[in-house]
Structure formats: structure tokens, C-alpha cells
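# Residue-level structure breakdown
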Amino acid sequence: MAYAAFRSIGAYIPEKIMTNADFEKIMDTSDEWITKRTGIKERRIAAEDEYPSDMGAKAATLAIQRAGIEVSDVDLIVFATVTPDYLCMPSTACVTASKLGLRDVQAFDISAACTGFVYALSVAKAFIESGMKKNVLIIGAEKYTSILNYEDRGTAFIFGDGAGAAIISATENKDEAIVDVKCSSDGDYDHLIMTPGGGSKNPCSPEVLEQKLACIQMKGNETFKLAVKTLTSDVQVMLEKHNLKPEDIKHFIPHQANFRIIKAVGEALKLTEEQTVVTVDKYGNTSAASIPMAMNYAYEQGRIKAGENVLFDAFGAGLTWGSALFPFSPNK
Ligand code: UT7
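I will try to describe carefully the structure that is included in this document.

About the thresholds
- Residues numbered from 1 in each chain as written.
- Predicted model: local features only at pLDDT ≥ 70, side-chain atom pairs only at ≥ 80, totals over all residues.
- Heavy atoms only, no water.
- Pairing = 2+ DSSP bridges.
- Helix = DSSP H or I, 4+ residues; strand = E, 2+ residues; numbered from the N terminus.
- Axes fitted to C-alpha atoms, helices over the stretch in contact; angles between N-to-C directions.
- Contact = heavy atoms within 4.5 Å.
- Buried < 20%, exposed > 50% of the residue type's maximum accessible area, 1.4 Å probe, protein only.
- Near = heavy atom within 4 Å.
- Polar contact = N/O pair within 3.5 Å; in protein donor to acceptor, adjacent residues only side chain to side chain.
- Areas by Shrake-Rupley, 256 points an atom, 1.4 Å probe, with all protein chains shown as cover.

The sheet built from five strands is open, its strands ordered β1-β7-β6-β4-β5 with mixed pairing. Every other strand in the sheet has two partners, leaving β1 (3-12) and β5 (106-110) as the edge strands with one partner each. Put simply, the sheet's adjacent strands are angled 20° from each other on average, direction ignored. Summarising the sheet, strand β6 (residues 135-143) and strand β7 (residues 161-171) pair through nine bridges and their orientation is antiparallel. Within β7, the residue paired with V136 across the bridge is I168. Contacting β4 (76-80), β5 and β6, helix α4 (residues 92-100) runs over the sheet at an angle of about 125° to β4.

Residues three or four positions apart in an α-helix share a direction because the helix packs 3.6 residues into each turn. Of the positions making up α4, those classed as buried are T92, A93, V95, T96, A97 and L100. Summarising the contacts, the buried residues of α4 are in contact with α3 (52-67), β4, β5 and β6. The first or second residue beyond α4 is G101, which carries a positive phi of 85°.

T29, R37, R153, N221 and N285 are the nearest of the 21 residues found near the ligand. In the model, an oxygen atom of the ligand is placed 2.9 Å from a nitrogen or oxygen of the H255 side chain. Between the ligand and the protein, one listed contact pairs an oxygen atom with a side-chain N or O atom of N258 at 2.8 Å. When the ligand is considered free in solution it has 950 Å² of accessible area, and contact with the protein chains removes 74% of it.

Residues other than glycine predominantly adopt negative phi, and peptide bonds predominantly adopt the trans conformation. The omega torsion of the bond from M89 to P90 falls at -5°, within 30 degrees of zero and hence cis. Take P90: it is sitting in the loop between β4 and α4. Cis peptide bonds are those with omega within 30 degrees of zero, and the linkage from G318 to L319 qualifies with -10°. Within the element layout of this structure, L319 appears in the loop between β12 (309-316) and β13 (320-327). Positive phi is not limited to glycine here, since K212 has a value of about 55°. With respect to the helices and strands, K212 occurs in the loop between α6 (206-210) and β10 (217-218). Phi at S287 is positive, roughly 55°, even though this residue is not glycine. Among the secondary structure elements, S287 is positioned in the loop between α9 (280-283) and α10 (290-300).

As far as function goes, none of this settles anything; it's purely spatial.
Right, dumping it as C-alpha cells:
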């Protein structure tokens, strides 16, 4: 049987920084409030002519290089985004494949908001274990600044842009295998985070534009409470299933939406600061890109070594949530 190994991580961090002080200039808020409520100090902003496919291709190039494979070895691209280059078609995965120089490869997008990268990982694992693919490129990339309403002071300041990518490859060595990926959803909570306009239910029109209905709307407070509860129980289920204790986890990489959420989940699970990767202060919430950007940050700090176990924990619009447990298994 083929197993799926998490071979490499890469990211692309846009150059431009938007600080909390920059928000003070455009809305009624303060650095003090944003820092206290979220831990966010700054976020990255993609250039005007830079799109998820560009950012995704750059993150992918790094991940491919670090995996020690050729671009032509990639036989599937799964692109997680809710801010695609184009609303309906073509998929951002296809555009990215072209930018990477891949002309004959299966490529598609998935939409699971902030849980997108974990959903992509579950797809990669399944394709590899079924024997259908050997090297899957998974990408999470977002240009949230394209769907922000800067008049919405309850939402706009938490999001940022960026991309992360990973190579998941077939292996016969069970010690390298991704242990488990668990993904779920509950559409009864669809109204908590949504872009109500611009889709087929409420197509683009002067009203949609005027009322900014194609921008993200979030009921932050309700979402916050569900995020803490779900992110915590998700990890508890994963640990129990695999007979692990919190101290057995080397690197806990949660979705980066709000430091208070990360802290509450960490405390409930008895995970220490040393175990937990935090980048929300630097990058804000980059949705599907948040977990791979955080993992890449820890990797580049020299914190994540071969064989060490990693636990992802994601939550987002849908509602969707998911967790993944795996050893980091770079090619030797
Ligand atoms: O990534 C997908 C999942 N998303 C999340 O997990 C996000 C979860 N939610 C959150 O992180 C938080 O709810 C926010 C950071 C978005 C908001 O923080 P909060 O503590 O839930 O604030 P709130 O919406 O309950 O508002 C509290 C107060 C209100 O004033 P009053 O009514 O108490 O007088 C707001 O008007 O803070 C006020 N407020 C602000 N003040 C200064 C709301 N936004 C701002 C602001 N600056 N930007």
C-alpha cells in the first residue's frame, strides 16, 4: 500500500505591510484595541497586480524545491482559496499550473475557507493512498484584501494576504506516513461568515456593488465562541483516537485568526507556548494560507525537524473545520 508523506513546506509573504496604525487612519479603531482583542500588529497586502495564482506559484516553487523533486513530477494540484483569481472559471489551480510551466496535470480548486489547506491535505492523502497520484502539490493562497469592506470595522482589520504550499508524496515507509486527517462541516452556520453577493443567488449588480455584498461579512463574536469550542474538541478527538497526550505533540499549528482563540484553545488542551506556532501578530488571518504560512515560518526558524510530529487545527466559514496529524517527512 502507498502511504502519503508530508515532504516539504513553502510560503510567499507579500512585501507590503499594513499596520494597525494604518487602520487608525481609515476607521474608528486603535492599535491598542486591535492588539488587545486579537494580538494582530500587522498584516501583509498583495500588490495590486498580484493574485492568488502568483502568490501560490511562488510558495509552490519553494515547496517543490525543498521536496527535492522536479516541477514535472507534480501530478495533481489542489488549490484551496475563497479569493480565486476569477470568480467562477478558470480555476486558480489551472492558472497556477500554467505559471509553474505544467501543461498536462490534473488541477482543481477547493472552497473550504480557512479550513481549505487541511481539506486539500485530506484530498492529497486520499489520491496517494488510492494509488492514483504520486506527488500532490497543495496550496492555500488568499487575496482577502480583494473582498474586504474597509467600512466594516468589526471585520476588515483581522485579514491579510499570502500563500503557503506543500508537497505530499507517495512512500512505502509507514513511519513517514500522514497519520490522520479529519475534516467536517455544518452548513447550518453558513450565515456566520459569508460573501452574500456576487454568486448565482445574488448575481453581481449595481446594488451588490453599492452595498458591498461581495465583501466578507462576519459575525465575529458568535464565530469566536464556536471557534474556541470546535478547535478544542477537534484536537481532543484526534488525540484520543490515536492514544496521544498533549505533551506528545511537538508542533501545534492552529488556524491564525485571533491570538485570544489560540490562547484559549492552547490552555484548554494544556499545550504550551513552545509547542504552539503563532504568526497572527505578523500576518493577521490569511484564511486557507494561514496554517501553511505558520508552518513555513516555524520551519524557516529551524523549529521543525524531520520526524517530528505536527498537528494542524483549522476552522472557518461554512462552517468547516479539520485537523491533521503527521510526522514531517522530508526526502532524505
Ligand atoms: O477565520 C475564520 C474564523 N474567524 C474567526 O475566528 C474570528 C473570530 N472573531 C474574532 O476574532 C473577534 O470576534 C473580532 C476580533 C472580530 C472582534 O472582537 P470582539 O471582541 O468579538 O468584538 P465585538 O464584535 O464583540 O465588539 C466589542 C466592542 C463593540 O463595542 P461595544 O458595543 O461593546 O461598545 C464594538 O463596536 O468593540 C467594538 N469594536 C471595535 N472597537 C475598536 C468592534 N470592532 C472594533 C474596532 N476597533 N476595529
